[in-house]
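# Topology and contacts: notes
The residues making up each chain are set out below.
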Amino acid sequence: MNASNFSSTDEIRSAFSHAMSQMYRDEVPLYGILMELVSEVNREVISADPELFKKLAQTGEIHRLHNERHGAIRVGTDAELSMLCRLFAVMGMEPVGYYDLAPAGVPVHSTAFRAIEDAALNTCPFRVFTSLLRVELIDDTELRAIAQHLLCQRKIFTPRALELIEQCEAAGGLSAADASEFVDRALETFRWHNIATVSLDQYMKLSAQHRLIADVVAFKGPHINHLTPRTMDIDAVQRGMFMKGIVPKAVIEGPPRRKCPILLRQTSFKALEESISFVGQEVGESGSHSARFGEIEQRGVALTPKGRALYDERLSVARNELGEVPNEANAAEYVRILEKAFQAFPDNYEEMRSLGLAYFRYFPAERAMEASGNNLQMKSLNQLVDEGWIRFEPIVYEDFLPVSAAGIFQSNLGGDAPPHYSANSNQKKFHSALGRKTLNELELYAESQTRSLRSCARIMRISEASWML
Ligand code: OOG
Ligand code: NI
C-alpha cells in the first residue's frame, strides 16, 4: 500500500475526537447539556456580531465551532505514557510543553498531545492534556508498593490497538478500514469503568493520600475525565450554568475578561459523584468516586517569553493580594483584584506587538502589490506595518497554563487544602518516561511567526532584512 491510500493523520484525529465526544455525551448526560448551553451562547454572540460571523465563515471555523478542543487523562506508569505517545502519533499528535503541577499540590507532571502544523490545527485542533502520576510522592511506603503493583499489572490498551500502532509505525500509515478499526479499539482505553480494581478500604487509603492517586490507581484505565468545547463568551456560559442548575467552579481560570484575549480562560462544572462497585462488596452494595466533569475554554493570543513573564507576574500579584486560593467565598473579590492587576497588561494588539509581548502572523497587505516601485528594503518591520504594507493577526495560544490546570484539578478533586510537595520539577524523568522529548511550545509559535515574515519578504522582494530572521 502506498502513502496515498493511507488515511491522513488529520482524518484519524477528527474521527477519534468525534468518537470520544459521542462516548462522553452518552456516559455523562450533563456534559450534553453543557454543550447545548455553549452552542446557544455561541449562536447569540455570532448573531450580535456580523463581522465575527463573516470572519468565522471565511476561515471555515464556523463548521468546527462545536467540536471539542481538548480532553484530559491521567496515567500511572512510564510504560503507559510511552505507549500513549505512540498511540497519539498515529493521529498526528505530538507531546507539546511540560507542566509540573507538584508545586500547586497535584502529584503529577503533564504534557499536551496535539497537532503542530497550522493547517492540521485548523482541520482538527483536538488535544489531550495527559498527566503522569508521580508515584514517588506517595509517602506511605506500603501504599506506594500497592499502587505500583496495581499499576504494573493492569493493561490499558486493547491488543488490536497495539497491533495497529505497530502496523502504522512500520508502514507509515493506516488504510481507511484499519484507521476506523484503530479509532474504535483505541477509544476503549478511555472508557469509564464503574468497577474499581481495589477494595473500598484500599480506595479510602489511596484517596486519603490524594484523591487523584485513587483516581489513577483504583481503576482499570485512564478514563477521559473531561472534554472541553470552545466558547465565544466564557463569562456568559459561566452565568448560564447557574441558570441551568449546573454547578460551575468558583472562578474562571486564567486572565480576566479583555477586549483582546490572551492565552486561555477556562471554567468547568464540578465533577459528578458516581456509583462504583469495589472489590469484595456484596451484590447491591456500592461506594462512589468523583472524577468526571465538563469544561469550557476561550483562547486568545499566544504570548512571547516577555509577555508570559508579565502574565505570570500580574497573576501572582493578584493571587498574593487575595492571600488565599480563589474559592466560592472570595470569587467576586478575586475578579476585582485580577482586573486591577491586569491593567498593567496592554489591551490592544498593536501595543502588544510593538512591545514584543505576543506572537502574530504577518501577511502582505493589498498595498504590497505596489512594493516593487518603492524602496522597502531599508524599512523596519514597524514602519512597514505603520505604512500599511504588512498586516498582522494574533496567533492563537494552543497550549495550557500550569496554574489554571492546577485550579481545574483542585476544584474537581474536592475540598481539602492542597498538600505541599517538596519534590523538584523533573522534566528529564518525564522525557525518559515518554520515550522522547516534549516540544517547546514557544519555539513553535516563534517559528510560525518567522515563517509568515519570510513569506511577506519573499512576496515583497525584500532580502536580508533583520526582521525576517
Ligand atoms: C487535567 C486538568 C488540566 C486544563 O484544561 O487545564 C486541564 C485533569 O484534570 O486531568 O485539563
Ligand atoms: Ni481541561
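Cut-offs applied
- Residues numbered from 1 in each chain as written.
- Chains lettered and ligands numbered in written order.
- Predicted model: local features only at pLDDT ≥ 70, side-chain atom pairs only at ≥ 80, totals over all residues.
- Heavy atoms only, no water.
- UniProt positions renumbered as here; feature names shortened; annotations may be inferred.
- Phe/Tyr/Trp six-rings, centres within 6.5 Å; stacked < 30°, edge-to-face > 60°.
- Helix = DSSP H or I, 4+ residues; strand = E, 2+ residues; numbered from the N terminus.
- Lys NZ or Arg CZ within 6 Å of the ring centre and 35° of its normal.
- Domains from an automatic or database assignment.
- Contact = heavy atoms within 4.5 Å.
- Buried area = accessible area lost by both parts, 1.4 Å probe.
- Buried < 20%, exposed > 50% of the residue type's maximum accessible area, 1.4 Å probe, protein only.
- Pairing = 2+ DSSP bridges.
- Axes fitted to C-alpha atoms, helices over the stretch in contact; angles between N-to-C directions.
- Donors = N, O, S within 2.8 Å, 3.2 Å for Na, K, Ca; no water.
- 1 Å grid on protein atoms, 1.4 Å probe; cavity = no way out; pocket = protein on both sides within 12 Å on 5 of 7 lines; lining within 4 Å.
- Points joined across faces, edges and corners; volume = space filled by probe spheres on them.

- An unreviewed UniProt entry lists the chain under the name 2-oxoadipate dioxygenase/decarboxylase, with Pseudomonas reactans as the source organism.
- According to its UniProt record, the chain has this under Cofactor (unreviewed entry): "Fe(2+)".
- UniProt, in the comment section headed Sequence similarities (unreviewed entry), describes the chain in these words: "Belongs to the 2-oxoadipate dioxygenase/decarboxylase family."

### As for the packing of aromatic side chains
- Across all of its chains, the model carries 18 aromatic pairs by this definition.
- When the ring of F360 is compared with that of F392, the centres are 5.2 Å apart and the planes differ by 80°; the resulting orientation is edge-to-face. Of the two residues, F360 sits in strand β11 (residues 360–364) while F392 sits in strand β12 (residues 390–394), which places them 32 residues apart along the sequence.
- Each residue in the set F16, F88, F113, F126 and F190 is aromatic and connected to the rest through ring pairs, giving one cluster.
- The ring of F400 has R299 sitting right over it, with the charged end atom 5.4 Å from the ring centre.

### What to know about the domain arrangement of the chain
- We note that the domain assignment places domain 1 (7–299 + 396–437), domain 2 (302–352) and domain 3 (359–393 + 439–468) within the chain.
- The C-alpha-based centres of domain 2 and domain 3 are spaced at 31 Å.
- Opposite the 7 residues of domain 2 that make contact, domain 3 presents 6 residues.
- Here domain 2 meets domain 3 over a buried area of about 600 Å², counting both sides, of which 67% is carbon and sulfur.

### Side note on the environment of Y31
- Its place among the elements puts Y31 in helix α2 (residues 29–47).
- Exposure remark for Y31: the relative accessible area of 0% places this residue in the buried category.
- Placed 10 residues apart in sequence, Y31 and S21 show a C-alpha to C-alpha distance of 9.7 Å.
- The contacts of Y31, once residues within four sequence positions are left out, are Y24, R25, E68, L227, T228, P229, F269 and G294.

### Observations concerning the sheet that holds strand β5 (residues 195–199)
- Read across the sheet, 3 strands follow the order β5-β8-β9 without closing on themselves; strand pairing throughout is mixed. Both outer strands of the open sheet, β5 and β9 (287–290), are each paired with one neighbouring strand and no more. The mean angle between the axes of side-by-side strands here comes to 55°, regardless of whether they run parallel or antiparallel.
- Where β5 lies against strand β8 (residues 273–279), 2 bridges are found, and the strand directions are parallel. Paired with I195 across the two strands is S277, which belongs to β8.
- Across the sheet, helix α9 (residues 200–209) lies against β5, β8 and β9, angled at about 85° from β5, the strand it touches most.

### Overview of the sheet that holds strand β6 (residues 226–229)
- A sheet is described by the order of its strands in space; here 5 strands give the open sequence β2-β3-β4-β1-β6, paired in mixed fashion. The open sheet has two edge strands, β2 (94–100) and β6, and neither has a second partner. Across the sheet, the mean angle separating the axes of adjacent strands is 20° when strand polarity is ignored.
- As paired elements, strand β1 (residues 68–75) and strand β4 (residues 127–133) share 6 bridges and run parallel to each other. In the strand pairing of β4, R74 is matched with S131.
- Contacting β1 and β6, α2 runs over the sheet at an angle of about 10° to β6.
- Each of β1, β2, β3 (108–114) and β4 is contacted by helix α16 (residues 402–413), which is oriented at about 75° to β4, the strand it contacts most.

### A closer look at the pairing of β3
- Burial analysis of β3 places 7 of its 7 residues in the buried class, the great majority of the element.
- Residue alternation in β3 divides its side chains into two sets, V108, S110, A112 and R114 and H109, T111 and F113, and both sets are buried.
- Relative to β3, β2 is paired through 5 bridges, and the arrangement is antiparallel. Paired with E94 across the bridge in β3 is R114.
- Here β3 runs beside β4; their pairing, made up of 6 bridges, is antiparallel.

### Examining the coordination of the nickel ion (ligand 2)
- Ligation of the nickel ion (ligand 2) by protein atoms is provided by H70 (NE2), H226 (NE2) and E295 (OE), these donors lying 2.0 to 2.1 Å from the ion.
- In the primary sequence, the donor residues of the nickel ion (ligand 2) line up as H-x155-H-x68-E. Taken as a pair, H70 in strand β1 and E295 in strand β10 (residues 294–299) lie far apart in primary sequence, 225 residues in all.
- Classification of E295 by relative accessible area gives buried; the value is 1%.

### Quick notes on the layout of surface pockets
- In this structure, the largest pocket occupies an estimated 1600 Å³ of space.
- E61, R230, P394, I395 and V396 are, among the 46 residues lining the largest pocket, the residues nearest its centre.
- Of all the secondary structure elements, the ones that give two or more residues to the lining of the largest pocket are α3 (50–59), α5 (118–123), β10, β11, β12 and α18 (441–459).
- With 6 residues, the top contributor of residues to the lining of the largest pocket is α3.
- Residues lining the lining of the largest pocket come from more than one domain, with at least three contributed by each of domain 1 (7–299 + 396–437) and domain 3 (359–393 + 439–468).

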